[in-house]
Amino acid sequence: MSTPSAKENKPLLLIRLWRNQEYRSITIQIITMVVLFTILGMIGNNVATNLEKAGKEFSFGFLNYPAGYDITFQPFISYSPTDTHTRAGLVGLLNTLLVAFSGVIIASILGFTMGILRLSSNWLINKIVYVFLEFTRNVPVLLHILFVYGIFLYTLPVPKKAINISDTVFLSNRGFYTPAPVFEDGFGYVLISIMAAILIVFFFKRWARKVQDTTGRIYPVFYISFAILIFLPLFTFFVAGSPLSIDMPALKGFNFKGGTSIKPEYIALTFALSYYTACFIAEIVRGGILAISKGQTEASHGLGLKPNRTLQLVVVPQALRVIIPPLCSQYLNLTKNSSLAIAIGYMDVVATIGGITLMQTGKEMETMIVLLITYLFFSLVISAFMNWFNRKMALVER
Amino acid sequence: MNSSLEKGYVPGKHPNLPPPVKTTGIMAWAKQNLFSSPMNIVLTLLSVWFLWTIIPPFFEWAAFNSIWTAGNRQECWDQMSSPGAGACWAFIENRLSLFTYGFYPTHLQWRVNLSFIMFVLALIPVLYEKMPYRKYGLIYSSIFPFIAGWLLVGGFGLEKVDTDQFGGIMLTLILGVTGISFSLPIGIILALGRQSKMPVLRILCVLFIEFIRGVPLITLLFVASTMLNYFLPPGTVFDLLLRVLIMVTLFASAYIAEVIRGGLQAIKKGQHEAGDSLGLTYWQAHRLIILPQALKISIPGIVNTFIGLYKDTTLVLIIGMLDMLGIGDASLADAQWAGLANEIYIFVALFFFISCFGMSRYSIYLEKKLHTGY
């Protein structure tokens, strides 16, 4: 507070550092910096002494040493114990991303369904979903994971007595065995036709929009696009001579051969994370749809739009604006919760780098830093994308 | 027709209309809420079938066929028509003291009991606004964590108990209560720091909050259990429980800070200006004007964060601390009782459900009470 009398106080310079608002803010910041750097310096010093005492050195060289442990689930890149720790970490990271990706899809489907059922006028189904939601949300996710995994482990039979679903799918406590597709020559044509179908649909939509703008005629865009997307690839598939065969699982000895085996750890983790997150998504969806005032629906009916066009053109676009930000943070939560994989022995990035690699090399500092940076990187990328998306979707007000 | 209108109502001449459709009563309610359209009829029938296949067998298992006293799994199964036909709650009963006290020495368990009672007494002034002499009650509540810490750990005249022996409900409550009571003030300070006009403070707070929110709690717990000791002067022994408590508190306070920031941003600029024009300092204005309003808005978010924190305390089992869920999980390894996972998980789930559901109901009550409306 600079008053005319400030000049008279000139001798008391130190007091002015505290009394004057601008000086004070600078003083506080300088003190904070000094304290911070002192603490950081002390920590750095302690780390150096402690490491020296323990006879370790700070280096990331261990990442290039052979890992020496096996990873039971490696669907994307091949890995053997002679590979480096980096590769082991990469396999773990891909496993994390796999759970996150499949979890997000399943959670969205379940969550949107439950959210809409919660708005249903049917009292009974409304209450059933409500009870399920409340119960699931108020129980720790780790318990859900252990519980689902426990069900697989204790109630499913051993591979020899696996539950047989019409000789195609086998359920056992070592994994689920399903038929695997084997791509043969000529499957490329099918892929090309799928892309062509997507392109056609894209241009058809633009053309239909143009027709509607000029003449007012509305084509059933959804059904026609759906038909194009399904039948064009199917047609190509048969013309190319069905270039796809199916590898069936069959019991040989103590385990299954052929087909794909899906590990129970993966299924338990994905399933538990999905339905746990879906409960939060359901509440978000319900809140978002309820946030759209009834006047919007009535106005759109008043303009002569049919109920499905109202939903599609008026309610959903507005509800999405409310739904998307919290939805994204739920997706982030799911990704972070996938780190609980270590509790049931699913080899994700925490279990590989932060678990076995740490145990074997004794490099606590380095492995933890790698792990934290990995997660930070993904979180920041996703939240940057979220912010961009939010800005794009934000209401443009006059 | 015309003449009757002029004359008004003529007795005995009214038209014979059918009675109106019932809008009250059970049948009318069912018609409106369960069978209003073909789709709804299908949904209702499906749900009834679903409930019918789920609920009776569950109650048969959990209540009618359950066994409450047995020495081990075999004794339990011998009392049933077939193994697994009913729940073996005897397992829980057998482990109840382990579930409550963990491995706390038996002759000292009165200290845990005393702190449970003191905990309930400390909750009353916080939750119940009309309590007489609430001011003194709140002072007691704010020093309770320290008294309980002294009681449980010992020292200063009490026999010392190693924190390795903590476990069960007691450990869950220690983690939850400490996290909740310390993360709120730290969260408020972080939120204010993030809004501050001083760039150094602001950047520090943003970095801290974004770092904590960007990584999963389990990695922070790993940091606490493996890496944190390197940060301390050589030779210092820093208790694992204390390290975990610090991490859990910091984790929750970053989330609390974001919730409160939302509340602060919702406060109009006029409120700040009003405080300035009254001649209030920064802290006075925040204590008397800004924070009461901001906190009121953020109550649902704060309680949600608390519930999340309370549920997340189960993660300590991964770094080898035996909380409520950890004790349950460890009990499953006992050969005498192996395979009774459902009983254990249902028991632990019920415990968490009751505490978390209670918290969320209380937050709804508080929200309604504080909603002054305008």
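Residues numbered from 1 in each chain as written. Chains lettered and ligands numbered in written order. Predicted model: local features only at pLDDT ≥ 70, side-chain atom pairs only at ≥ 80, totals over all residues. Heavy atoms only, no water.

*Asks:* Could you clarify how one ought to interpret the overall build of chain A in this entry?
*Replies:* In terms of regular secondary structure, chain A is built from 12 helices and 8 strands. Relative to its length of 398 residues, chain A is extended, with a C-alpha radius of gyration of 29 Å against a globular reference of 21 Å. Counting only C-alpha atoms, chain A reaches 95 × 70 × 45 Å along its principal axes. Taken across its 398 residues, chain A has 38% of its residues classed as buried. Of the contacts formed within chain A by residues at least 6 apart in sequence, a portion of 64% connects residues at least 24 apart. For chain A, the accessible surface area stands at approximately 23000 Å², while carbon and sulfur atoms represent 68% of it. Computed over 32 positive and 19 negative side-chain charges, the separation of the two mean positions in chain A equals 10 Å. (Helix = DSSP H or I, 4+ residues; strand = E, 2+ residues; numbered from the N terminus. Rg over C-alpha atoms; globule rule 2.2 N^0.38 Å. Buried < 20%, exposed > 50% of the residue type's maximum accessible area, 1.4 Å probe, protein only. Contact = heavy atoms within 4.5 Å. Areas by Shrake-Rupley, 256 points an atom, 1.4 Å probe, with all protein chains shown as cover. Lys, Arg positive; Asp, Glu negative; His and termini not counted. Charge placed at Lys NZ, Arg CZ, Asp CG, Glu CD.)

*Asks:* Please explain the interface of chain A and chain B as it appears in this structure.
*Replies:* Many structure descriptions define interface size as the accessible area lost when the parts assemble. Across the boundary between the two partners, chain A contributes 50 residues, which contact 54 residues of chain B. Carbon and sulfur atoms make up 74% of the area that chain A and chain B hide from each other, which totals about 4800 Å². Remark: the boundary between chain A and chain B carries 1 salt bridge. The partner of B:Arg361 in a salt bridge is A:Glu134, with the nearest N and O atoms 3.9 Å apart. Run the count over chain A and chain B and you get 15 residue pairs in polar contact (both at pLDDT 80 or more). Those elements that place two or more of their residues in the side of chain A that touches chain B are helix H2 (21–53), helix H4 (123–137), helix H5 (141–155), helix H8 (264–290), helix H11 (349–361) and helix H12 (364–393) of chain A. The element best represented in the side of chain A that touches chain B is H2(A), accounting for 13 residues. (Buried area = accessible area lost by both parts, 1.4 Å probe. Salt bridge = Lys/Arg side-chain N within 4 Å of Asp/Glu carboxyl O. Polar contact = N/O pair within 3.5 Å; in protein donor to acceptor, adjacent residues only side chain to side chain.)

*Asks:* Sorry if this is basic, but what is going on with helix H10 (residues 217–227) of chain B here?
*Replies:* Along an α-helix, residues three or four positions apart point the same way, because every turn accommodates 3.6 residues. Here H10(B) lies mainly inside the structure; 10 of its 11 residues are buried. Of all the positions in H10(B), only B:Leu217, B:Ile218, B:Thr219, B:Leu220, B:Leu221, B:Phe222, B:Val223, B:Ala224, B:Thr226 and B:Met227 are classed as buried. Those residues of H10(B) that are buried are in contact with H11 and H12 of chain A together with helix H9 (199–214), helix H11 (240–266) and helix H13 (282–312) of chain B.

*Asks:* Can you help me understand a nonpolar patch on the surface in this one?
*Replies:* Residue and element names in this part refer to chain A. Taken together, Leu191, Ile194, Ile198, Phe222, Tyr223, Phe226, Leu229, Ile230, Phe231, Leu234 and Phe238 make up a surface patch of nonpolar side chains, about 1200 Å² in accessible area. For the nonpolar patch, the secondary-structure elements that each account for two or more residues are helix H6 (187–215) and helix H7 (221–239). Looking at the nonpolar patch, the element that brings in the most residues is H7, giving 8 residues. Relative accessible area serves as the criterion here: at 62%, Tyr223 is assigned to the exposed category. (Patch = residues over 30% accessible without salt bridge, like charges linked within 9 Å, V, L, I, M, F, W, Y side chains within 5 Å.)

*Asks:* Looking at this structure, how should I read the packing of H13(B) against helix H15 (residues 341–370) of chain B?
*Replies:* The description of two packed helices rests on the angle between their axes and on the distance between the axes. Residues and elements named next belong to chain B. The N-to-C vectors of H13 and H15 enclose an angle of 175°; their axes lie 9 Å apart at closest approach. The orientation of H13 with respect to H15, classified from their angle, is roughly antiparallel. Here Lys296, Ile299, Pro300, Val303, Ile307, Tyr310 and Lys311 of H13 come into contact with H15, specifically with Phe351, Phe352, Ser355, Cys356, Met359, Ser360, Ser363, Leu366, Glu367 and Leu370. The class makeup of the residues in the contact of H13 with H15 is 11 nonpolar, 3 polar and 3 charged. (Axes fitted to C-alpha atoms, helices over the stretch in contact; angles between N-to-C directions. Parallel < 35°, antiparallel > 145°, perpendicular 65-115°, else oblique. Nonpolar A, V, L, I, M, F, W, Y, C, P; charged D, E, K, R; others polar.)

*Asks:* Before we go on, may I ask you to explain the sheet that holds strand S2 (residues 169–172) of chain A in this structure?
*Replies:* By definition, the strands of a sheet pair up through backbone hydrogen bonds, in either a parallel or an antiparallel sense. All names here are of chain A. Spatial strand order, S1-S2-S3-S8: 4 strands in an open sheet with antiparallel pairing. The open sheet has two free edges, formed respectively by strand S1 (163–165) and strand S8 (260–262), since each of these has just one partner strand. Put simply, the sheet's adjacent strands are angled 20° from each other on average, direction ignored. (Pairing = 2+ DSSP bridges.)

*Asks:* It is not clear to me how the nonpolar core should be interpreted in this structure. Could you clarify?
*Replies:* Inside soluble globular proteins, nonpolar side chains tend to come together where they are buried. Within the largest apolar cluster, 150 residues are counted, with the highest numbers of intra-cluster contacts made by B:Tyr104, B:Phe166 and B:Leu221. Among the elements that make up this core, the one with the highest residue count is H11(B) (13 residues). Membership of the second largest hydrophobic core comes to 8 residues, among which are A:Tyr69, A:Tyr79, A:Val91 and A:Ala351. (Core = buried A, V, L, I, M, F, W, Y, C linked by side-chain atoms within 4.5 Å.)

*Asks:* Looking at this structure, how should I read the pattern of salt bridges?
*Replies:* Where charged atoms of side chains with opposite charge meet at close range, the side chains can pair. All names here are of chain B. Under the criterion given, the structure shown has 11 salt bridges over all chains. For the salt bridge of Arg95 with Asp334, the shortest nitrogen-to-oxygen distance reads 2.3 Å. Remark: Asp334 occurs in the loop between helix H14 (324–331) and H15 and Arg95 occurs in helix H5 (residues 90–101); sequence separation between them is 239 residues. On the basis of relative accessible area, Asp334 is assigned to the partly exposed category, the value being 23%. As a salt-bridge pair, Arg194 and Glu210 come within 3.3 Å of each other at their nearest N and O atoms. Note that Arg194 is positioned in helix H8 (residues 168–195) and Glu210 in helix H9, a separation of 16 residues in sequence. Judged by its relative accessible area of 14%, Arg194 is buried. What you see here is one network of salt bridges that share partners, running through Arg194, Glu210, Glu258 and Arg261.

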